[in-house]
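Commentary on secondary and tertiary structure
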Amino acid sequence: MELNSTATRIRARSSKVFYGWWIVAAGFASQAIAAALLQRSYGAYVAVLRDEFGWSKAALSGAFSMQQIENGVLGPVQGWLIDRFGPRLSMRLGVLLFGFGFIAFSQINSLTGFYLAYLMMAMGTGLGGYFPFTVVLVNWFEKRRARALASFQMGGAAGGLLVVVIALSLEHFGWRSTALVSGIIVLATGLPLAQIVRTRPQDMGLQVDGEDAPEQEAGANGGTASAVDGFTLKQAMRTSAFWFISFGHGSALLIVAAVQVHLVLHLEDDLGYSLALAATAVAVIQASQMAGTFLGSLIGDKYDKRYISMWCMLSHSVGMLLFAVAQNELMVFTAAILHGVAWGLRGPMMAALRADYFGRVAYGAILGTSSLITMFGSIAGPLVAG
C-alpha cells in the first residue's frame, strides 16, 4: 500500500509521461513475447512435429482450434473476474500457466501430451495477455484509445518478426530445447511485466488520458453511453451493434486463424520453400501487420472506425483468395502484405469500437462474451483449411 502511494505521487507529479503509456509498453512487451515464442511460430512447430511424429495436419490443427474454444469459453468468466477483481491476479496466473506449459511441452511424446501442454499454454496466454491488457487500456484511455490499443497490439507484430529466429532455433537446437528455453523466458519476463499494471488511473490519483479535468466533466456526449457509466452486458447484448461487431470480428478471425496455422505448411509442401524461407514469408505478414497497427495508431482516433474496419475485411478477403490460388512468390508476398496490413489495422479498431459503443464499466464482460461468438471463426478457419 505504501509502495502504491509513493508510485502515485511520483506519477502524478510527472506530466511528461502519463503512467498509462507505461502500461502500454508492458502490454507491448507481453504481446511480443507471446507472439514470438508461440502464437506466430505455431506453424513452424506444426511442421517440425509432423515430421517427427507423423501427426496429420488436421490433428495438429485441432490443438489450435482447442485454444480458440478455450479462449471463447473462458472469455465471459475472465471478463467478469477482471471487472470485479482487477487484472493482476489473472495476469500472474496466466504467466505461470504459459511458462510451465512450455516446459511441459518440451517433454511430450504423444498427441495427448501435446494437447494437454498446449491447453496450458493457451490458458496462460488468454489469462495473462491480450484480454486483460485490453480491458486495462480501455480504462486508462478515451480520446487516445485507438492509439493506445494499436501501440500495445504492435507488440504482437514485433514478436512475429522473430519467427525467423524461432525457426532457426528449431532447425539448429531442436524443438524440445527451444520450447524449454521459451518457458524459462516467459516466467522470467512475464511476472515483472504484470507488476506494472494498474486497473484504472483513479487508483493512482490520475485521470483518463492523463488530463487534469475530472472524468465526469470530460466524458459527457449525447449519442452513446457515457464513457463513465457505459452499458451493462445485458444492455449491450440487446443492441444490434454488439452482434454486428462480434460476427464481423469472427469472420476476420476465420481467415487469420487459417493463415496462421497452415501458411508454413502450404509454402513448404506446395511451393517447395525451406522452413526458414517459409518463416520469412510469415515475417512479411508480421512486418505488414506492424505497419497496419502503426497506421491504426495514427488514424483510429481521427476517422470513423467502422469504415476503417470495412476496408480491413475486404483486404483480408483479397489476401485469402491470393493465398488460395498463388502460383509464385509475388502472389504470396502480395497476399501477405494485404493480409498483414488488414490484420494490424483491424485489431485495435475492433477493441476500440466496443468501448466507443458500450463504455468501460462492463467492458471486460462485454469483450469476454463477444469472444464466445468470435471463437467460431477461429475454430472453423484452421479445420476447414486443413
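Residues numbered from 1 in each chain as written. Predicted model: local features only at pLDDT ≥ 70, side-chain atom pairs only at ≥ 80, totals over all residues. Heavy atoms only, no water.

Regarding the overall build of the chain
Counting its regular elements, the chain contains 17 helices and 0 strands. Computed over its C-alpha atoms, the radius of gyration of the chain comes to 20 Å, within 12% of the 21 Å expected for a compact globule of 386 residues. Across its three principal directions, the C-alpha atoms of the chain cover 60 × 45 × 35 Å. A buried classification covers 55% of the 386 residues belonging to the chain. (Helix = DSSP H or I, 4+ residues; strand = E, 2+ residues; numbered from the N terminus. Rg over C-alpha atoms; globule rule 2.2 N^0.38 Å. Buried < 20%, exposed > 50% of the residue type's maximum accessible area, 1.4 Å probe, protein only.)

Brief notes about the confidence of the model for the chain
Mean pLDDT over the chain stands at 83; residues scoring 70 or higher make up 90%. Of all the helices and strands in the chain, helix 11 (residues 215-219) carries the lowest mean pLDDT, 41, while helix 10 (residues 175-196) carries the highest, 94. Segment residues 215-227 is flagged for pLDDT under 50; beyond a separation of four residues in sequence, or across chains, it makes 16 contacts in the model. (pLDDT = per-residue confidence, 0-100. Contact = heavy atoms within 4.5 Å.)

A look at the packing of helix 13 (residues 240-271) against helix 17 (residues 363-385)
For the pair helix 13 and helix 17, interaxial distance at closest approach is 7 Å and the crossing angle is 35 degrees. For the crossing formed where helix 13 meets helix 17, the hand is right-handed. Counting all contacts with helix 13, which are made through Phe-242, Trp-243, Ser-246, Phe-247, His-249, Gly-250, Leu-253, Leu-254, Ala-257, Ala-258, Val-261 and His-262, the residues of helix 17 involved are Ile-366, Thr-369, Ser-370, Ile-373, Thr-374, Gly-377, Ser-378, Ala-380, Gly-381, Pro-382 and Ala-385. Here the contact of helix 13 with helix 17 is composed, by residue class, of 13 nonpolar, 10 polar and no charged. (Axes fitted to C-alpha atoms, helices over the stretch in contact; angles between N-to-C directions. Left-handed = near helix turned anticlockwise from the far one by under 90°. Nonpolar A, V, L, I, M, F, W, Y, C, P; charged D, E, K, R; others polar.)

Thoughts on helix 17
Over its 23 residues, helix 17 runs 33 Å from end to end, which matches the ideal 33 Å to within 8%, given 1.5 Å per residue. The sharpest bend along helix 17 reaches about 35 degrees and sits at Ile-373. (Expected span 1.5 Å × (residues − 1). Bend = angle between axes of the 7 residues up to and from the residue.)

Let's talk about the environment of Pro-348
You can see Pro-348 is positioned in helix 16 (residues 329-358). In this structure Pro-348 comes out as buried when scored by relative accessible area, which is 0%. Those residues within four positions of Pro-348 in sequence are excluded, and the remaining contacts are Ala-146, Leu-149, Ala-150 and Gln-153.

Quick look at the packing of aromatic side chains
Taken as a whole and assessed by the stated rule, the structure comprises 22 aromatic pairs. Here Phe-105 and Phe-114 contribute two aromatic rings whose centre-to-centre distance is 5.8 Å and whose plane-to-plane angle is 50 degrees, an arrangement assigned as tilted. With 6.0 Å between their ring centres and 20 degrees between their planes, Tyr-130 and Phe-152 make a pair best called stacked. Of this pair, Tyr-130 sits in helix 7 (residues 130-140) while Phe-152 is found in helix 8 (residues 145-160), placing the two residues 22 residues apart along the sequence. The class for Phe-152 is buried, based on a relative accessible area of 0%. Within the aromatic cluster, the residues linked to one another by ring pairs are Tyr-42, Tyr-45, Phe-53, Trp-55, Phe-98, Phe-102, Phe-105, Phe-114, Tyr-115, Tyr-118 and Trp-175. (Phe/Tyr/Trp six-rings, centres within 6.5 Å; stacked < 30°, edge-to-face > 60°.)

Overview of the pattern of salt bridges
Following the criterion strictly, the structure yields 5 salt bridges and no others. Asp-51 is the partner of Arg-50 in a salt bridge, and the nearest nitrogen-oxygen pair spans 3.4 Å. Among the residues examined, Asp-51 registers a relative accessible area of 58% and is labelled exposed. In this structure, the salt-bridge partner of Asp-356 is Lys-305, at a minimum N-O distance of 2.8 Å. Taken together, the positions of Asp-356 in helix 16 and Lys-305 in helix 15 (residues 305-325) put the pair 51 residues apart, joining distant regions of the chain. (Salt bridge = Lys/Arg side-chain N within 4 Å of Asp/Glu carboxyl O.)

Thoughts on the nonpolar core
Counting residues in each nonpolar core, the largest one holds 81 residues, and the members touching the most others are Phe-102, Phe-105, Phe-114 and Trp-140. Per element, the largest residue contribution to this core is 9 residues, and it comes from helix 13. Residues within four places of Phe-105 in sequence aside, it is in contact with Tyr-45, Leu-49, Phe-114, Ala-117, Met-121, Trp-175 and Ala-179. Counting residues in each nonpolar core, the second largest holds 7 residues, with Ala-236, Phe-242, Ile-366 and Ile-373 among its members. (Core = buried A, V, L, I, M, F, W, Y, C linked by side-chain atoms within 4.5 Å.)

Considerations on the packing of helix 7 against helix 17
For the pair helix 7 and helix 17, interaxial distance at closest approach is 10 Å and the crossing angle is 140 degrees. Put simply, helix 7 runs oblique to helix 17. In this structure, helix 7 crosses over helix 17, and the sense of that crossing is right-handed. Touching Phe-131, Thr-134, Val-135 and Val-138 of helix 7 are Tyr-363, Gly-364, Leu-367 and Gly-368, all from helix 17. Of the residues belonging to the contact of helix 7 with helix 17, the class tally is 5 nonpolar, 3 polar and no charged. (Parallel < 35°, antiparallel > 145°, perpendicular 65-115°, else oblique.)

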